[in-house]
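Listed here are the chains, written in short residue letters.
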Amino acid sequence: MVVLMEERQQRQTPVSFRGVTVPCWNILRSLCYPIAVVMVGLTLFSPIVLSIPGSLPAATSQSPPLVRIGVHSFRSLSKTQGRWQPTIEYLNQALPAYRFELVPLFYPELHQAIQDASIDFVLTHPDDYIKFRVHSDIEAIATLITKIDGHPVSQFGGVIFTRTERGDINHLDDLRGKSLVAPREDALGVYIAQQWVLYQQGIDSKDAFGLQRFIGPPQDKTVYEVLRGNADIGFVRTGILESMAREGRVQLSQIKVINAQPTETFPQLLSTELYPEWPLAALAHVDQQLKQSLSLQLQWIEPEHPAAVAGNYFGFSPALDYSPIEAIMLRLNIHPSSKALAFAQLSHSLIKWGGILLILLLLIGVIFLLRSRRVNATLLQVNTQLKQHETMLDRLGEGVYCMDAQGKTLFMNPAAFEMLGYSHNEVAGQKIHALFHHSHVDGRLYPIEDCPVFQTMHDGDSRQVEDWFIRKNGTIFPVQLRASAIMEAGKASSVVVVFSDITERNTLHQQIQQQRSLLQSVIDATSDLIFFKDKDLVYLGANQAFGKFAAIPIEQLQGKTDFDLFETEVARFFRDMDKQMLKQNAARKNEEWVTYPDGKRVLLETLKTPIHDDEGYLLGIVAVSRDITERKQAEQQIEQLAFFDPLTQLPNRRLLTDRVERSLAEATRHMRYGALMMIDLDYFKQINDSEGHDAGDRVLCEVANGLLKSVRETDTVGRLGGDEFLIVLDNLGESFESAQDNICLIATNVIERLEVPHLINGKPYTTTSSIGIALFLDHHENSKSLFKQADIAMYQAKEAGRNRYQIFNRQKESGRSDNPA
C-alpha cells in the first residue's frame, strides 16, 4: 500500500490537506464516487427516487432478509441504542424489502463482529474505518453530517483539556512531564488527532508525559478523572464536554482547553485540526443494490425528520475522502500496514547486524561480570560492618535497611521484613525503589530522582521526612524515615535508612483534625462571634464571623492580640473587660457597641467564660458575642407600641395613667399641687368629614406639637385617643389659690396656641378646644378618679360654649351626675 501511494505521488501532483500531503487522485476519487453512485441510482432505481421516501418492491411471501448495522458506542450502549433506533425504524419503512436491526457495540466487540462478518454495515470512527479496511474489505458509502446548534457540521476533532485552576498548564509545551488520561490510544478523536498536534510541535507523545493511562469508554470517565485530580491532562473527542454540560454533569467553567482553536470556523471546543465525520461502511458480502439503496435513503433524511432529531444529526452525505487521516497515521507510524513494514525492517536489521550485536553482548557480559565482582566486594564489606550490629538491629522496633550506590539492598532487619511483608530472599540484591517505593499514594509513578533516599545518596546530606512504602501485598502505609549516607573518599557509597510505620499516629492525627474541622465547621455555621484566647489574652482561634468583624482571615489570627486588630481605645476596652473576668474567675456578660470594617455599627452582647484544665489550672477564655441590635430595636418598638400613640408619638392612656400615679405620689410627698388637663378639639369631626382622615391626622400632629410648646419640659403631654389629649402637670404651688392661678395661665396659653389657623388643601381651618382641669394634692385621690373629674370639667366647658377651660368643682359634682355631656 505504501509502494502504491509512492507510485501515485510520482505520477500526480500532490496537494496539502491541513499540513499532510495527499495525492490529487484521492480527492478526485472522493468527488467522482458520489456522482457515480447518484447516476447509477437514478438509472437503476428511478422508481425509488421518484417516490422518496419510498421503498424497494414489496418482498415475497418469505420474511425479508435481516440487515444488521453495527454502530460504535463511545458512551453507553443504551444511549447509542436510543439515539440510532429511530434511524433504523426509518430504514425499515423506507426499504421494506429488508429488515434492519441496530447493533450497538464497543470497539473490541465491533472489531470482532467485522472479522466474523456478523454485521453488514458499520458506522464508526474514521480511524477505525481505516484500520478495519486493512484487515477486511469494507467500503464507505456515506458520511454522517452532525448538527451543532442547529447547523450542519461534517467534521470533528479532538480536545486537550485540564482543570481551570491549573495555572501551570497553558500551552502545549506545558504538557511535558504531566500525567495523561484518555479513553484509547488508537482512536482519532481521543488520541491520534492530539498526537498529531504534538508531533507538529516537535513533541513525541510517547515520551512527553510522565504517565499515560487509557481507561476505555465511555469518554465521560476521562473527564471525571481530570476533574477529580487523578490526572493532569485529558484527551476527548469534540462535543463530549458540551454534551456533559448540557446534561448538568459538568460545568464548562471547570475546564481549560489547551491549544484552543477559534470558534468562528467550528462551533465547539477544539484543540486539533478537523477531520471528516463518521463513515457508514459496507462489508464485502453486501450486494451493490443494497449499498446504493441504503446510501440514497440516508441522504434523503431531512434535518427535521424524527430520526435526525433523535440522532442529533443533520443528515448524511456521499462518502467523503478519508485518505488524509490515513496519511497522518502513516506519518505517526500507527497505521497497521506501517507496523507490519516496521517489523519486517527490524527483522532484516537483526539478521544484518546480528554478528556485531553478538560481540557487543559478549563485551557487555564481561563488563557486567567485572562490575558484579566489584559490587560483591563492596557488599561483602558492608555486610561485615552490619553483622557487628546485627543483634542490636534485630531488637529494634523500627525498620532498618541499607542501600548501595546502585540502589540495591545490602541489609534489612527483621522489623523491616515484618512491616514490608518480604522475606530475605525476595529483597536481597533487589533495587529498593522499584521494590517498595515506586509509586505515590494516588498511583502516580514516583520518579527515582525525587526519592529522598536517592537524594541522600547523591549529595550525602542526611534527611528526615514522611513518605510512603508499599508492602508486598500492594497496600501502602505511611512511614517516617531518616536517611544517612555512609561516605567513602568524600562520596556516598551507601545509605542507611531507619523507618517506622506511622499509620496509627496519622490515624490519630487525622481523627484530631477531623474533630477540629467539625468543630470549626460548627462554629463557622453560626453568625455569632466566637473566639478563644490564652491566659495572656493572645488569640488562639475564632470562627469566620469574628474574622469578618476583625477584618482578618482566621488562619492568620493565632498569636495576635486585640492591639494588633483594633484601635487602641477599643483594644484597651476589650483588654480591661477580659482582665476583670479573669480576676473574678467567673463568666461575665456585657453589652458593647462596636463598628465593623464596613462602617456598620451594632450592639453586641458578649459572654466570656474562663477555661480550665482537669486540675483547675486557668488556660484562657472563650467568648461568644451576639448581635442584639435588632432585638433591642424590636424591644424598643414593642415598648413604643405599648406606651406611645403611633400617630403623634405622645404617651398613650397606659403610660399617662402611670405618669398620673407618679405625679400623685410627688404631690403628696412634697405637698405641692398638681393638675390633670383634659383637652378635646371642638368640631374636629367636620375636618375629617370634609377633608379626609389624612388631613385630620395632620391636624392632630400639629395640635400635639402645639401642646408640647405650651407647657413646661417637666410636664407630660399625651393622647387619649381620637381628638382627646391629656396634660399632666406637677409643682403648681403649695396653696390651692396659687395652683389655680398657674393652671389658668397654662390653660389660657393652650387655648390661644390652638386657635392658630391650619392650612388644609389650600383652605384655612381654625381649631378650638374645650379643656377640663382637675387639681390634686390629697394622696387619697387616684388616677381613675382624676380622669373622671377632668372629663366632667371638660364637658362643663363644652356646655358653656366651647373654646374655654373649666376647673372641676367638687360642690357641683352631684349636680352633674344626672346630666352627662
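Please refer to the structure placed before this passage.
Below is a short write-up of the structure.

Calculation notes
- Residues numbered from 1 in each chain as written.
- Predicted model: local features only at pLDDT ≥ 70, side-chain atom pairs only at ≥ 80, totals over all residues.
- Heavy atoms only, no water.
- Core = buried A, V, L, I, M, F, W, Y, C linked by side-chain atoms within 4.5 Å.
- Buried < 20%, exposed > 50% of the residue type's maximum accessible area, 1.4 Å probe, protein only.
- Helix = DSSP H or I, 4+ residues; strand = E, 2+ residues; numbered from the N terminus.
- Contact = heavy atoms within 4.5 Å.
- Pairing = 2+ DSSP bridges.
- Axes fitted to C-alpha atoms, helices over the stretch in contact; angles between N-to-C directions.
- Expected span 1.5 Å × (residues − 1).
- Phe/Tyr/Trp six-rings, centres within 6.5 Å; stacked < 30°, edge-to-face > 60°.
- Lys NZ or Arg CZ within 6 Å of the ring centre and 35° of its normal.
- Left-handed = near helix turned anticlockwise from the far one by under 90°.
- Nonpolar A, V, L, I, M, F, W, Y, C, P; charged D, E, K, R; others polar.
- 1 Å grid on protein atoms, 1.4 Å probe; cavity = no way out; pocket = protein on both sides within 12 Å on 5 of 7 lines; lining within 4 Å.
- Points joined across faces, edges and corners; volume = space filled by probe spheres on them.

### Some points on the nonpolar core
Of all hydrophobic cores here, the largest spans 44 residues; its most connected members are Phe-100, Phe-121 and Leu-280. In terms of residues, this core owes the most to one element, helix α4 (residues 77-94), which gives 5 residues. Beyond its immediate stretch of four places on either side in the chain, Leu-280 contacts Ile-69, Phe-121, Val-122, Leu-123, Glu-139, Ala-140, Ile-141, Ala-142, Leu-294 and Leu-298. Counting residues in hydrophobic clusters, the runner-up holds 34 residues, among them Leu-700, Ala-739, Ile-746 and Ala-747.

### Things to note about the sheet that holds strand β9 (residues 158-163)
Read across the open sheet, the 5 strands follow the order β11-β10-β12-β9-β13; overall the sheet is mixed. The sheet terminates laterally at β11 (211-214) and β13 (255-258), the two strands that pair on one side only. Taken over all neighbouring pairs, the strand axes of this sheet differ in orientation by 30 degrees on average, direction set aside. Of the strand pairs in this sheet, β9 and β13 are connected by 4 bridges, and their pairing is antiparallel. Paired with Thr-162 across the strands is Lys-256, a residue of β13. The strands touched by helix α7 (residues 188-200) are β9, β10 (179-182), β11 and β12 (233-237); relative to β12, the strand with the most contacts, the crossing angle is about 115 degrees.

### Here's the deal with the pairing of β9
Of all the 6 residues making up β9, 6 are buried; the element is thus mostly covered by neighbouring parts of the structure. Relative to β12, β9 is paired through 4 bridges, and the arrangement is antiparallel. Counterpart to Val-159 in the pairing with β12 is Val-236.

### Observations concerning α7
Taking 1.5 Å per residue, 13 residues should reach 18 Å; α7 reaches only 16 Å between its end C-alpha atoms and comes up short. Summarising burial for α7: 11 of the 13 residues are buried, a large majority. The complete set of buried residues in α7 reads Leu-188, Gly-189, Val-190, Tyr-191, Ile-192, Ala-193, Gln-194, Gln-195, Trp-196, Val-197 and Leu-198. One or two residues past the end of α7 sits Gly-202, with phi positive at roughly 80 degrees.

### Describing unusual backbone geometry
The phi torsion of most residues other than glycine is negative, and most of the peptide bonds are trans. Here the bond from Pro-217 into Pro-218 is cis, since omega is -5 degrees, no more than 30 degrees from zero. Residue position: Pro-218 is located in the loop between β11 and α9 (220-227). In this model, Ala-551 sits at a positive phi of 60 degrees, which is unusual for a non-glycine residue. Within the secondary structure, Ala-551 is located in the loop between α22 (544-550) and α23 (562-565).

### Concerning the packing of aromatic side chains
Taken as a whole and judged by the stated rule, the model has 24 aromatic pairs. On the numbers, 5.3 Å between centres and 15 degrees between planes, the contact of Trp-84 with Tyr-313 is stacked. In this pair, Trp-84 sits in helix α4 while Tyr-313 sits in strand β16 (residues 313-318), placing the two residues 229 residues apart along the sequence. With respect to burial, Trp-84 and Tyr-313 carry one shared label: buried. One aromatic cluster in this structure is built from Phe-531, Tyr-539, Phe-546, Phe-549, Phe-566, Phe-573, Phe-574 and Tyr-596. One cation-aromatic arrangement involves Arg-802 over Tyr-683; the distance from NZ or CZ to the ring centre is 4.9 Å.

### Quick word on the pairing of β10
Both faces of β10 are covered, namely the face carrying Ser-179 and Val-181 and the face carrying Leu-180 and Ala-182. Where β10 meets β11, 4 bridges bridge the pair, whose relative direction is parallel. Residue pairing in the sheet places Leu-180 in a bridge with Gln-212 of β11.

### Overview of the packing of helix α5 (residues 107-116) against helix α6 (residues 126-135)
α6 packs onto α5 with a crossing angle of 35 degrees between their chain directions and a minimal axis gap of 11 Å. Judged by the twist between their axes, the crossing of α5 over α6 is right-handed. Within the contact between the two elements, α5 uses Tyr-107, Leu-110, His-111 and Ile-114 and α6 uses Asp-128, Lys-131 and Phe-132. Classifying every residue of the contact of α5 with α6 by side-chain character gives 4 nonpolar, 1 polar and 2 charged.

### Details of the sheet that holds strand β21 (residues 491-501)
The 5 strands lie next to each other as β18-β17-β21-β20-β19, forming an open sheet whose pairing is antiparallel. Each edge of the open sheet carries a strand with a single partner, namely β18 (409-412) and β19 (463-470). Averaged over all pairs of adjacent strands, the angle between their axes in this sheet comes to 30 degrees, without regard to strand direction. Relative to β18, strand β17 (residues 399-404) is paired through 3 bridges, and the arrangement is antiparallel.

### Here we look at helix α29 (residues 736-754)
In this model α29 runs 27 Å from its N-terminal to its C-terminal C-alpha over 19 residues, within 8% of the 27 Å that 1.5 Å per residue would give. Within α29 the residues assigned to the buried category are Ala-739, Ile-743, Cys-744, Ile-746, Ala-747, Val-750, Ile-751 and Leu-754. The elements touched by buried residues of α29 are β27 (674-681), α28 (693-710), β29 (724-729), β30 (758-760), β32 (769-776) and β33 (804-807).

### Focus: the layout of surface pockets
Taken as a whole, the largest pocket spans an internal volume of roughly 650 Å³. If you trace the largest pocket, you find 33 residues lining it, with Phe-74, Arg-83, Gly-239, Arg-246 and Asn-312 closest to the centre. Going through the elements one at a time, β3 (66-72), α4, β6 (138-148), β8 (155-156) and α10 (240-246) are the ones with two or more residues in the lining of the largest pocket. Class assignment for the residues of the lining of the largest pocket results in 12 nonpolar, 11 polar and 10 charged.

### As for the side chain of Asn-543
Along the chain, the position of Asn-543 falls in the loop between β23 (539-542) and α22. Look past the residues within four positions of Asn-543 in its chain and what remains in contact with it is Gln-520, Ile-523, Asp-524, Thr-526, Asp-528, Leu-529, Ile-530 and Ile-554.

### With respect to the environment of Thr-503
Tracing the backbone through its elements, the reader meets Thr-503 in helix α21 (residues 503-524). Leaving out residues up to four positions away in the same chain, Thr-503 has contacts with Phe-477 and Pro-478.

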